[in-house]
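Architecture and fold: a report
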Amino acid sequence: MNVASLNFQSWRGYLELMRPANIVTAWADILLGFAASGSGIIFVQLINGESNFPVLIPLGWLLLATTGLYGGGIVFNDVFDADLDAKERSNRAIPSGRVSRQNATLLGSILFAIGIIAAFQVSWLSATIAIFITLSSLLYDSLAKHHPFFGPLNMGLCRGSNLLLGVSAVPAIVWERWYLALIPILYIAAITAISQGEVHGGKKITGVLALLLIAIVLMAVLALGLLGEYAAIAALPFAVLLAIRVLPNFIKAAREPIAENIRNAVKIGVLSLIVLDATVASGFAGLYYGLLVLILLPISMKLARLFAVT
């Protein structure tokens, strides 16, 4: 094997650790939060020539921040799981020897630092949220994920906080729209709960619970229409798409909780985070903004064919 081949495998190993397809879903969280902050209208203004590009600078920093935070969290997941993966998933980057555990730890640390520093460029509140996400991610990776209740809750808090990181583009709005974090918390809790059986299979009761949480999320994104500033009619088409993508896979996993069905449900569920974000974003910023968020879905799906999602 020549040096070029070795270098390619090494770089691919680092990318595999970061789960590129998953990072794209984290961008969707930020875009949703940006819309909920009242800033989504800026895109329309830019198209109409009514606004200037510099107003989007906070969004750029927050997208960089979530790239570092999510990337760091997922890298440390594999760092802490290296011994277990050596037995159950020997093809992963660390147990296969393509990336050393030490280098993976360094990569994760650098990504977390990038995330926090980028968030700090927006506001102190953004930096505080970024630090909370970092600590929550490390808690999940090292300890909480092994607990059937606190694991899903912990991961949900990470994604809910990521949404609020997007809202922090306008810091004062975070205190008004904090409740939006409950939607990804419930959704991710459902995915994380069912994912606990993706290697050896799971339990029917876990699948049923996950399915119930997904149903609650679907009702919640439409119930937001009770708010005066949220247009449920704009969110409805995206909510239907979300239901069509997610429910059949979760129903199948609940009925037959074998590893393959669970892995499929988890993969579709993770990628469909983009559809969930597009649903809520459209309610706050309109149909076209929702479509903008949805554009991330084919990008994430393409990356999912190249790099593992779970």
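Whatever comes next refers back to the structure up there.
This report concerns the structure included in the present document. Values in this document were obtained by computation on a predicted structure and should not be read as measured data.

Attention now moves to helix α15 (residues 287–294). Listing the buried residues of α15 in full gives Tyr289, Gly290, Val293 and Leu294. Seen along its axis, α15 keeps its buried residues to an arc of 145 degrees; they face one direction.

This part is about the nonpolar core. Val75, Leu165, Tyr187 and Val280 are the most contacted members of the largest nonpolar core, which totals 91 residues. The leading source of residues in this core is helix α2 (residues 20–36), at 11 residues. Among all residues touching Val280, those that are not within four sequence positions of it are Leu32, Leu180, Ile183, Val221, Leu224 and Tyr230.

What follows is about the pattern of salt bridges. Where side chains of opposite charge bring their charged atoms close, a pairing between them can arise. All chains considered together, the criterion is met by 8 salt bridges. Note that Glu16 is salt-bridged to Arg98, the shortest N-O span being 2.9 Å. Highlighted residues: Glu16 in helix α1 (residues 3–18) and Arg98 in the loop between α5 (82–88) and α6 (101–120), separated in sequence by 82 residues. The class for Glu16 is buried, based on a relative accessible area of 18%. One salt bridge in this structure joins Asp29 and Arg159, with 2.8 Å as the shortest N-O distance. Taken together, the residues Asp29 in helix α2 and Arg159 in helix α8 (residues 150–167) connect sequence positions 130 residues apart. Assessed through its relative accessible area of 4%, Arg159 is described here as buried. Where salt bridges share partners, they join Arg19, Asp78, Asp85 and Arg92 into one cluster.

Calculation notes
- Residues numbered from 1 in each chain as written.
- Predicted model: local features only at pLDDT ≥ 70, side-chain atom pairs only at ≥ 80, totals over all residues.
- Heavy atoms only, no water.
- Buried < 20%, exposed > 50% of the residue type's maximum accessible area, 1.4 Å probe, protein only.
- Helix = DSSP H or I, 4+ residues; strand = E, 2+ residues; numbered from the N terminus.
- Arc of directions from axis to C-beta.
- Core = buried A, V, L, I, M, F, W, Y, C linked by side-chain atoms within 4.5 Å.
- Contact = heavy atoms within 4.5 Å.
- Salt bridge = Lys/Arg side-chain N within 4 Å of Asp/Glu carboxyl O.

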